[in-house]
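In case you want the letters, here they are:
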Amino acid sequence: MWKYVNEALKKNLKSKFISDSQNLTYEKILRFVKLRGEQLQKSFPRYSKCAILCEDEMYTALAIISCWFAGLIPIPLSKNYGEKHYKKILLQSKPNLIITDSDSISFGKRDVQNFNIRGGNYSQQKFDIEVDKSLKGISVILYTSGTTGIPKGVLLTHQGLLTNIIGIKSYLKLSHLDNIMIARSLYHCSVFTGEFLVAISQGANIYFFNDSFNPMKLITKIKENNITICGGTPTLFKQVVTLLERTKEVLPIKQLSISGECLTQETASIVRKAFKESMIFNSYGQTEASPRISYLPSQYFDEYSDSVGFALPSTKIKICSK
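Let me sum up the structure you'll find in this document. (Residues numbered from 1 in each chain as written. Predicted model: local features only at pLDDT ≥ 70, side-chain atom pairs only at ≥ 80, totals over all residues. Heavy atoms only, no water.)

### Observations regarding the overall build of the chain
Part 1 of the reasoning: Along its length, the chain carries nine helices and 16 strands.
Part 2 of the reasoning: In terms of C-alpha radius of gyration, the chain reaches 19 Å, essentially the compact-globule figure of 20 Å for 322 residues.
Part 3 of the reasoning: Considered along the principal axes of its C-alpha atoms, the chain spans approximately 60 × 50 × 40 Å.
Part 4 of the reasoning: Out of the 322 residues in the chain, the part that is buried amounts to 56%.
Part 5 of the reasoning: In the chain, once contacts between residues fewer than 6 apart in sequence are set aside, the share between residues at least 24 apart is 67%.
Part 6 of the reasoning: Of the roughly 15,100 Å² that the chain leaves accessible, carbon and sulfur atoms contribute 51%.
Part 7 of the reasoning: The average position of the 41 basic charges and that of the 27 acidic charges among the side chains of the chain differ by 4 Å. (Helix = DSSP H or I, 4+ residues; strand = E, 2+ residues; numbered from the N terminus. Rg over C-alpha atoms; globule rule 2.2 N^0.38 Å. Buried < 20%, exposed > 50% of the residue type's maximum accessible area, 1.4 Å probe, protein only. Contact = heavy atoms within 4.5 Å. Areas by Shrake-Rupley, 256 points an atom, 1.4 Å probe, with all protein chains shown as cover. Lys, Arg positive; Asp, Glu negative; His and termini not counted. Charge placed at Lys NZ, Arg CZ, Asp CG, Glu CD.)

### Here's the deal with the pairing of strand 3 (residues 49-52)
Part 1 of the reasoning: The side-chain alternation of strand 3 yields two buried faces, one formed by Lys 49 and Ala 51 and the other by Cys 50 and Ile 52.
Part 2 of the reasoning: As defined by bridge partners, strand 3 adjoins strand 4 (residues 73-76) across four bridges and the pair is classed as parallel. What sits directly across from Ile 52, in strand 4, is Pro 76.
Part 3 of the reasoning: Running through helix 3 (residues 57-70), the crossover from strand 3 to the neighbouring parallel element strand 4 is right-handed.
Part 4 of the reasoning: By the bridge criterion, three bridges tie strand 3 to strand 5 (residues 97-100) in an arrangement that is parallel. Looking at strand 5, one finds that Ile 52 is bridged to Ile 99. (Pairing = 2+ DSSP bridges. Right-handed = clockwise from strand over helix to strand, strands pointing away.)

### Details of the sheet that holds strand 4
Part 1 of the reasoning: Read from one edge to the other, the open sheet built from five strands follows the order 4-3-5-6-7, with strand pairing classed as mixed. Looking at the sheet topology across the chains shown, the edges are occupied by strand 4 and strand 7 (121-122).

### Some words on helix 3
Because the α-helix completes a turn every 3.6 residues, residues three or four places apart line up on one side.
Part 1 of the reasoning: Between the first and last C-alpha of helix 3 there are 20 Å, a value that for 14 residues agrees with the 20 Å anticipated at 1.5 Å per step.
Part 2 of the reasoning: Among the 14 residues that make up helix 3, 14 are buried, leaving the element largely enclosed by the rest of the structure.
Part 3 of the reasoning: N-cap assignment for helix 3: the residue whose side-chain oxygen lies 2.9 Å from the backbone N of Met 58 is Asp 56.
Part 4 of the reasoning: Gly 71 lies just past helix 3 and shows a positive phi near 80°. (Expected span 1.5 Å × (residues − 1). Polar contact = N/O pair within 3.5 Å; in protein donor to acceptor, adjacent residues only side chain to side chain.)

### Examining the side chain of Asn 116
Part 1 of the reasoning: Locating Asn 116 in the fold gives a position in strand 6 (residues 113-116).
Part 2 of the reasoning: On the accessibility criterion, Asn 116 (11% relative accessible area) is buried.
Part 3 of the reasoning: Among the polar contacts made by the side chain of Asn 116, one reaches the main-chain amide nitrogen of Arg 118 at a distance of 2.9 Å.
Part 4 of the reasoning: Filtering out sequence-adjacent residues up to four positions away, Asn 116 remains in contact with Thr 100, Asp 101, Ser 102, Asp 103 and Asn 121.

### A word on the pattern of salt bridges
Part 1 of the reasoning: Under the counting rule described, the total for this entry stands at eleven salt bridges.
Part 2 of the reasoning: Residues Glu 249 and Lys 223 are paired through a salt bridge, measuring 2.1 Å at the closest nitrogen-oxygen approach. In this pair, Glu 249 sits in the loop between helix 8 (234-247) and strand 13 (255-258) while Lys 223 sits in helix 7 (residues 215-224), placing the two residues 26 residues apart along the sequence.
Part 3 of the reasoning: Of the residues examined, Glu 249 reaches a relative accessible area of 25% and is grouped as partly exposed. (Salt bridge = Lys/Arg side-chain N within 4 Å of Asp/Glu carboxyl O.)

### Focus: the nonpolar core
Part 1 of the reasoning: Residues Phe 17, Ile 99, Phe 196, Ile 200, Ile 206 and Phe 208 are the most contacted members of the largest nonpolar core, which totals 62 residues.
Part 2 of the reasoning: Examining the composition of this core, we find that eleven residues originate from one element, helix 3, more than from any other.
Part 3 of the reasoning: Phe 208 has contacts with Phe 17, Ile 18, Ser 19, Glu 57, Met 58, Ala 61, Ile 182, Leu 186 and Phe 196, leaving out every residue within four places of it along the chain.
Part 4 of the reasoning: Core analysis: the second largest hydrophobic core is formed by 27 residues, Ile 219, Cys 230, Leu 243 and Phe 301 among them. (Core = buried A, V, L, I, M, F, W, Y, C linked by side-chain atoms within 4.5 Å.)

### Details of the pairing of strand 15 (residues 292-296)
Part 1 of the reasoning: The buried count for strand 15 comes to five of five residues, which makes it a mostly enclosed element.
Part 2 of the reasoning: In this sheet, strand 15 lies alongside strand 14 (residues 279-285) in antiparallel orientation, the contact comprising four bridges. The residue bridging Ser 283 from the neighbouring strand is Tyr 295, located in strand 15.
Part 3 of the reasoning: Linking two consecutive strands that pair antiparallel, namely strand 14 and strand 15, is a turn of six residues; a positive phi of about 80° is found at Ser 290 within it.
Part 4 of the reasoning: Pairing analysis gives two bridges linking strand 15 to strand 16 (residues 310-311), with the strands arranged antiparallel. Bridge pairing in strand 16 places Ser 294 opposite Ala 311.

Next up, the structure:
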């Protein structure tokens, strides 16, 4: 994925990654990634597995790209589900390295080397590393939400991600003039591919919202940063709309991308009232599919809001009886 992301960043050097801590232009991101990527490259062989758990989601993004530069395989994690959850994934995934941006995060395992993406320093001496060469060709390992059981690690290839990006770009149009809000963790495949990578591929400015679920603060940040596109679950948007009805505010959002939960007609109607002029896309996917499988074009949203629409051009769907 490094070649693809590198070329996308170079095309829009003035676009930015933004968080509460700082903002970086795509040009500065390229320099940062080269610096950290070379550090990782010197210490770890290709196809090493790198778990990533950061306080600031922007550093999660930088760590992912740095891993790709170095030929390593990122495994994004999320602190939002609690320490027990991410430690369980660490135990299952057996990473060769853990990348973080904070010394305050507890990992439990001390036999795995830690790398601070902010400072560029390792926590301890290097350990012997056994690389699974069968991972050649894998770009990222993403864990499922665990809807049907415990979270499972899914191996996604460069081709799978690229095909999904192209499919999503066919309807979710962005440019360097757009500001997208990443309101959920990159641990989620719909955010990882459908928002983060799609935004980079089209040169949009990316704002990373790091606070826990807080609709009021989300509204404030959307206004402050003139956010024109935002992705989220029906639950998130429903709570945002509830607050907007009280304050009578109008947000600058031009496109909404809904995913992650079943969207009911009732919730769709509520969302539409608050975003009368916005293009709204309802979509369906699963981590194994990189993740987007289908989407409902915005022109059909008001009439068929509880439908997930049509398959992406690259996707074949077969309906089977039990």
